[in-house]
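Now for the letters of each chain:
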Amino acid sequence: MKFLKKYQHTWIIPIYGILYMLAFQYVEQRKVPVTVIHMKIDDYIPFCEYFVVPYFLWFGYIALTVFYFAFMNQNKKEYWQLILTLGIGMTLFIVISILFPNGQDLRPNLTGDSIFIQMVQHLYRLDTPTNILPSIHVFNTVACCVAVFRHSEFHSHKVLLAGTGILSVLIILATVFLKQHTVLDVVAAFALYLCCFQLIYKPKTVQAEPVSYTHLR
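Remember, predicted model here, so these are calculated numbers, not experimental data. (Residues numbered from 1 in each chain as written. Predicted model: local features only at pLDDT ≥ 70, side-chain atom pairs only at ≥ 80, totals over all residues. Heavy atoms only, no water.)

Our next topic: the environment of tryptophan 58. The topology assignment puts tryptophan 58 in helix H3 (residues 52–72). In this structure, the C-alpha to C-alpha distance between tryptophan 58 and histidine 137, residues 79 residues apart in sequence, is 7.4 Å. Ignoring any residue separated from it by four or fewer positions in sequence, one finds tryptophan 58 in contact with Ile136, His137, Asn140, Thr141 and Ile171. (Helix = DSSP H or I, 4+ residues; strand = E, 2+ residues; numbered from the N terminus. Contact = heavy atoms within 4.5 Å.)

Below is the structure:
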């Protein structure tokens, strides 16, 4: 009971996680016409199967970051800032997917039997090329990266911060080099995060009332 009481703030994670996965399965499986998103710059980005490694590392990266802020960090404000940012972004992603069904046509015909090609083939089977705008892979990566860099306990751990920054960049690059997302999806993810950052992290300034000096006359 003490454990449940101490970490009662974490119950929102599995509850929201279940609801999100149900909603994600719905938008993935429904049969509706989609708007294909394709930018000219996407054609100049080569396919590179090696980026499948950081792409899959994303799952552990997000899970470990959320775990740390939920169970190890004593600053509950930082925890709620991260959780609310992730929740708002992922919810808006579902809303956009419902109102604006979208997809891409960038995936190449894979040849070869290397372990990396097999991993990409597995990824393509698991994840359809629909509901790509904005990229949740990118949004969640940026959200966790910013949370880590803002956490004062990590400021002296230069190796950790460097590793976090490098992994975050590789994950973001992986979304386009694996032909999972268009450049527009990445830009939209950054734009959505900036909106969430302004809402969650920026302190609200209160406009001071003008001082009247008439009573001093």
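Now for the nonpolar core. Membership of the largest hydrophobic core comes to 50 residues, with the highest contact counts inside it found for Tyr20, Leu82, Ile136, Phe139, Leu178 and Tyr193. Secondary-structure elements contributing two or more residues to this core are helix H2 (12–29), H3, helix H4 (76–99), helix H5 (115–126), helix H6 (136–150), helix H7 (158–177) and helix H8 (183–200). Apart from residues no more than four positions distant in its own chain, tyrosine 193 is found in contact with Thr85, Phe139, Val142, Ala143, Val146 and Tyr201. (Core = buried A, V, L, I, M, F, W, Y, C linked by side-chain atoms within 4.5 Å. Buried < 20%, exposed > 50% of the residue type's maximum accessible area, 1.4 Å probe, protein only.)

Along the polypeptide, serine 97 turns up in helix H4. One polar contact links the side chain of serine 97 to the main-chain carbonyl oxygen of phenylalanine 93, over a distance of 2.9 Å. Excluding its chain neighbours within four sequence positions, the residues that come into contact with serine 97 are Val27, Arg30 and Asn131. (Polar contact = N/O pair within 3.5 Å; in protein donor to acceptor, adjacent residues only side chain to side chain.)

This brings us to unusual backbone geometry. The step from leucine 133 to proline 134 runs through a cis peptide bond, and the omega angle for that step is -10 degrees. Following the sequence through the fold, proline 134 ends up in the loop between H5 and H6. Not every positive phi belongs to a glycine, and lysine 179 is a case in point at roughly 60 degrees. Of the residues examined, lysine 179 reaches a relative accessible area of 8% and is grouped as buried.

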